[in-house]
Amino acid sequence: MERNTTKLIVLSLFFFAVGFVATVLLPFMDQGLMRPTPTAEYRKELILDQPDSPEARGRALYMQYGCQYCHSQWVRPVLADERLGPVLRAGDSYYDAPHLHGSARIGPDLLWVGDRIPDKGWHIQHLIDPQGVVEGSIMPSYNWLTEEELEALAAYMVSLKYIENPDDVVDPQYRY
Amino acid sequence: MSTNSLSLLSTEKDSAAKYMMLSSLIWLIVPSLLGLFLAIKLVWPDFLNQSPYLSFGPMRTVHTNGVLLGWLSMVQVGAMYYMLPRLLNTTLWSERLGNVTVWMWNIGMTIGAGTLFMGITSGVEYAELIWPLDLYIVVMVSLVILNAFMTVAQRQERQFYVSVWYFLGSMVWLPLVYLVGNVPVEMIHVPGVHQLNMNWFLGHNILGLWFTTMGVAMVYYLLPKVTGLPIYSHKLSLIGFWTIAIFYVWNGPHHLANGPIPPWLQKAGIVPSLLMIIPVWTVIANVFGTIKNQMNLIRDNVIVKYLITAGIFYLAACLQGPFQSFMSVSAVLKFTHWTVGHAHMAPFATFTFIGMAAMYYIIPRLTGQSLYSWSLANWTYWLGTLGFLVMGLSLWTAGVMQGFAWIDGKDFMAVVEAIRPYMLLRILGGAMMMASMVVFLWNMVMTVRTSQAKIPLEQSDQKVMVQS
Ligand code: HEM
C-alpha cells in the first residue's frame, strides 16, 4: 500500500463510507427522527406553505442577518435549559429548510420565544433599540430595517411557540 | 521576479504554489480583521452597525468562510503544490491548471464574500455559500484533485512518504465531506434533525479530514527538512493516518450532544471522539521523538518553534475535544464562549501556525530571496502565541462562568455583565493576533519585493538552521 495509489484510495473511501452510513444514513431509518410534531405542522402551515406570509419573510430575514449566530433554537434536557420551556423534539424542526438550531447563546435561546414574549410591539421596539429595552444588552440594533421588515421579524418571533403534543407524555428528566 | 512569472497563467515551475500561498495572505488579513471587529461588537454593539452589510451576522460569515475556505485551504493547497512533486521526485502535472485554481480560488472567495455581506446565504453554519457557489467550489476542487493525482501518476519515486498519504487522503475526503454538508435543502427536503446532523458532519469532518490531514502532511514534510533529522517513526505516522481515516468520520454527532437524537447516535459520536487521542498522540510522539536529542532547535530555529507550538496546541485541542463530547460536560459548555475558544485553537494556533511555518520555508525558496527578517518572524510568533493564549483563556473562563451561571438559573443579562471583562480581554488577545498577522504580511511582502542578492537554496536551509 505504500506504493499503491488505488489501494490507498479504496481503503480511505471504504472507511469513510462506513462512518458515513453509520452516522448519517442509518439515522434516517430511525422512525423517531422522521415524525413531525404538531409544532412542526403549525410552522409548516405558516411558513413553508405560505412563502409570502410575514412569518416566512421574517424567517428569511432572521437567516439573512444571522440572528442564529447569537441565538440557539435548541432546548436540551439539561439543567441549564430547565427554564427555557419544553425540550426540543426531533420532529419539531421536521419541515425547517434550513434548520436554524444554531450553535451559540450570546443571546437567549429563542425556540419558544413566542410563548415568553407574545407581544409584537415589544419585539419591534427591541429590534430598533435593544439597549433602550434591555439595559446593557449587547444585541445590535436593527434600526435600518424597514417597517415591513421589522413587522415580519416580529411576526416570526411570535410564531415560535409550543403547540401541545399528545405524544409528549413523559416529562424530560433533567440529567445534567 | 521576471515579468514572465507575472503573466496570468504562468507555466513556470512552482508558480502555482507561489501565487496560491501569496494570495492566501489576503484571506488571512481581511477576514481576521473582521473577526476583531466582531469581538469589538460583542462589547460595543453599535460599532460599525450603521448598515445591514456591516451587521454582526453577515460579518461573522465572511470571517469564518474567509479564514477557513480562503486562507487555511489556500495555504495548504499551495504547500501541497510545492511538496507533492518533491516527495514524488517529479514536477506538478500542470502549473497552468494550478494557476487556474489560484484564480478560481481568489475570484470565488471574492464573490463568496460579496454574497455573504449582502446576506445571500444558505443559513447553515460553515456551509453558508449558496449552491451555485458550492458547484463552483466542487469544480475548482476537482481541478486541484486532478492535478494532485496526475502528479502522482507521473512520479519517479515509487514509495509514498507519509505526507503523500495524508495529502491524498485529504483529496479523497474533501469533496465528499463538502457535498454531504451542502445538500440544498430548499430543493431536497431533509428533516431538520438530519440537516443538523449533516451540518455537523461537515462542520467536524472538514476540520478532521481536510485541515488536520493537510496540516499533518505539512508537518511531516517540514520537520525533517528544516532539522535535517529523520522522522522518529514511520510506523507511528501510518497508525496515525489510519486511525484518522477510520474514526474521524464518526465524530459528527458529538456536536449534537443532548440534542434530539437517539442515544445510540450520541454514543456513536462520543466513543470515536475518545479514540481521537490516538492520532494526535502519534503526531506529537513523532514530532518530539524527531527532535528529542536536539531540543535546542526549538530555541534556535523559528520554523521548528512554530511546528512544536502547533503540535502542543493540536494536542490541547484534541484533549479538549473528547472532554467536550461527554454529555455531562457538553451540558455545561455547549452554546457558551468555551466552544469559540476551542474552535480557534486548532484552526489558529495549530493550522495557521503550520501554514506560516510552511511559508517561511517555501517562499524564500521560490523567490530565491532569503527571508526578509527572522526577528520579525519571531515577533509574529510571540504576538500570535500570546495573543491566542489571552483570547483562549478569556473565552474558556467566560464559557465556564456562563455554563454554571445558567445552571444556577442566573438572569441572562447578569451573566452578560459578568463576562464583559473577559470579552474585553478577548479583544486584546485578538488585537495581538491581528498584529502578529500584519507583521507576517509585512515580512512576506518584503521578502518577495526586496531585491537582495540571490542566495543558493541549499544555503537558505542553513540560514533557517542558525538564525533565530
Ligand atoms: C480531534 C479531536 C477533536 C474533538 C474530539 C473535537 C470535539 C469538538 C466538540 C465536542 C465540539 C463542541 C461542539 C458544540 O458543543 O457545539 C467542537 C467544536 C469545534 N471544534 Fe473541535 N474537536 C477536536 C479537534 C478539533 C480540531 C483539530 C479543530 C480544527 C481544525 C476543531 C475545530 C472546532 C470548531 C471550529 C468547533 C466549533 C463548532 C461551532 O461553531 O460550534 N476541533 N469540537
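Each value, and the rule that gives it
Residues numbered from 1 in each chain as written. Chains lettered and ligands numbered in written order. Predicted model: local features only at pLDDT ≥ 70, side-chain atom pairs only at ≥ 80, totals over all residues. Heavy atoms only, no water. Helix = DSSP H or I, 4+ residues; strand = E, 2+ residues; numbered from the N terminus. Rg over C-alpha atoms; globule rule 2.2 N^0.38 Å. Buried < 20%, exposed > 50% of the residue type's maximum accessible area, 1.4 Å probe, protein only. Contact = heavy atoms within 4.5 Å. Areas by Shrake-Rupley, 256 points an atom, 1.4 Å probe, with all protein chains shown as cover. Lys, Arg positive; Asp, Glu negative; His and termini not counted. Charge placed at Lys NZ, Arg CZ, Asp CG, Glu CD. Salt bridge = Lys/Arg side-chain N within 4 Å of Asp/Glu carboxyl O. Near = heavy atom within 4 Å. Polar contact = N/O pair within 3.5 Å; in protein donor to acceptor, adjacent residues only side chain to side chain. Nonpolar A, V, L, I, M, F, W, Y, C, P; charged D, E, K, R; others polar. Donors = N, O, S within 2.8 Å, 3.2 Å for Na, K, Ca; no water. Patch = residues over 30% accessible without salt bridge, like charges linked within 9 Å, V, L, I, M, F, W, Y side chains within 5 Å. Buried area = accessible area lost by both parts, 1.4 Å probe. Core = buried A, V, L, I, M, F, W, Y, C linked by side-chain atoms within 4.5 Å.

Chain A is annotated in an unreviewed UniProt entry as Cytochrome c domain-containing protein from Heliorestis acidaminivorans.

**Some points on the overall build of chain B**
Assigned secondary structure in chain B consists of 17 helices and zero strands. The C-alpha radius of gyration of chain B comes to 22 Å, within 12% of the 23 Å expected for a compact globule of 468 residues. Overall, chain B is about 65 × 50 × 45 Å in size when its C-alpha atoms are taken along their principal axes. Per-residue burial over chain B gives 66% buried out of 468 residues. Contacts in chain B between residues far apart in sequence, at least 24 positions, make up 84% of those at least 6 positions apart. Carbon together with sulfur atoms contributes 71% to the accessible area of chain B, which is approximately 16100 Å² in total. When the 22 positive and 15 negative side-chain charges of chain B are each reduced to one mean point, those points stand 9 Å apart.

**Quick look at the side chain of Asn 147 of chain B**
Tracing the sequence through the fold places Asn 147 of chain B in helix α4 (residues 131–153). Apart from residues no more than four positions distant in its own chain, Asn 147 of chain B is found in contact with Tyr 81, Leu 92, Trp 93, Ser 94, Leu 97 and Gly 98 of chain B.

**Description of the pattern of salt bridges**
If you walk through the whole model with that rule in mind, you get 14 salt bridges over all chains. Note that Arg 105 of chain A and Asp 81 of chain A form a salt bridge whose closest N and O atoms lie 2.9 Å from each other. Of this pair, Arg 105 of chain A sits in the loop between α3 (54–64) and α4 (113–116) while Asp 81 of chain A sits in the loop between α3 and α4, placing them 24 residues apart in sequence. Its relative accessible area of 0% is what places Asp 81 of chain A among the buried residues. Here Asp 300 of chain B ties to Arg 299 of chain B by a salt bridge, and the two come within 3.1 Å at their closest N and O atoms. Taken together, the shared-partner salt bridges in this structure form one network comprising Arg 76, Asp 81, Arg 105 and Asp 109 of chain A.

**With respect to the site of the ligand**
Taken together, 25 residues sit near the ligand, with Tyr 126, Leu 207, Cys 318, Lys 334 and His 342 of chain B positioned nearest. Those chains with residues close to the ligand are chains A and B. Between Tyr 126 of chain B and the ligand, the recorded distance is 3.1 Å, taken from a side-chain N or O atom to an oxygen atom. Between Lys 334 of chain B and the ligand, the recorded distance is 2.8 Å, taken from a side-chain N or O atom to an oxygen atom. Of all the elements in the fold, those that place two or more residues in the shell around the ligand are α6 (192–227), α11 (302–325) and α13 (337–367) of chain B. In terms of residue count, the dominant contributor to the shell around the ligand is α13 of chain B (six residues). Each residue belonging to the shell around the ligand can be placed in one class, and the counts come to 11 nonpolar, 12 polar and two charged.

**Some thoughts on the coordination of the iron atom of the ligand**
For the iron atom of the ligand, the sole protein-derived donor is His 342 of chain B (NE2), lying 2.2 Å away. By secondary structure assignment, the location of His 342 of chain B is in helix α13.

**Brief notes about the side chain of Thr 90 of chain B**
Residues and elements named next belong to chain B. Relative to the helices and strands, Thr 90 is located in the loop between α2 (56–87) and α3 (95–117). Classification of Thr 90 as buried rests on a relative accessible area of 17%. Sequence-distant contacts of Thr 90, defined by excluding residues within four places in its chain, comprise Pro 85, Thr 151, Gln 154 and Arg 155.

**Quick notes on a nonpolar patch on the surface**
On the surface, Val 21, Leu 25, Leu 26 and Met 29 of chain A together with Trp 264 of chain B cluster together into a nonpolar patch covering about 470 Å² of accessible area. By the secondary structure assignment, Leu 26 of chain A is in the loop between α1 (5–25) and α2 (38–48).

**So, unusual backbone geometry**
Glycine aside, the phi torsion of most residues is negative, and most peptide linkages are trans. With omega at -5°, the peptide bond leading from Ala 97 of chain A into Pro 98 of chain A counts as cis. Tracing the chain through its elements places Pro 98 of chain A in the loop between α3 and α4. In the Ramachandran plot, Asp 14 of chain B falls in the positive-phi region, its phi being about 70° despite a non-glycine side chain. Take Asp 14 of chain B: it is sitting in the segment before α1 (15–41).

**Looking at the interface of chain A and chain B**
On the side of chain B, 87 residues touch chain A, which itself brings 70 residues to the contact. Overall, the association of chain A and chain B removes approximately 6700 Å² of surface from exposure, summing both partners, and the carbon and sulfur fraction of that is 69%. Among the residues of chain A in contact with chain B, Glu 2, Phe 16 and Tyr 69 of chain A are the three that bury the most area, contributing 12% of the side total. At the boundary of chain A and chain B, one finds zero salt bridges. Put simply, chain A and chain B have 18 residue pairs in polar contact (both at pLDDT 80 or more) between them. Looking at the side of chain A that touches chain B, the elements that each hand over two or more residues are α1 and α3 of chain A. Counting residues per element, the side of chain A that touches chain B draws most heavily on α1 of chain A, which supplies 14 residues. Residue composition of the side of chain A that touches chain B, grouped by class: 41 nonpolar, 19 polar and 10 charged.

**So, the nonpolar core**
With 184 residues, the main nonpolar core has Trp 71, Met 83 and Tyr 360 of chain B as its most contacted residues. A per-element tally of this core places α6 of chain B first, with 20 residues. When near neighbours in sequence (up to four residues on either side) are disregarded, Trp 71 of chain B contacts Ser 24, Leu 25, Trp 27, Leu 28, Gly 66, Thr 352, Gly 355, Met 356, Met 359 and Phe 440 of chain B. The next biggest cluster of nonpolar side chains, apart from the first, holds 24 residues, and it includes Ala 56, Tyr 65, Ala 154 and Tyr 156 of chain A.

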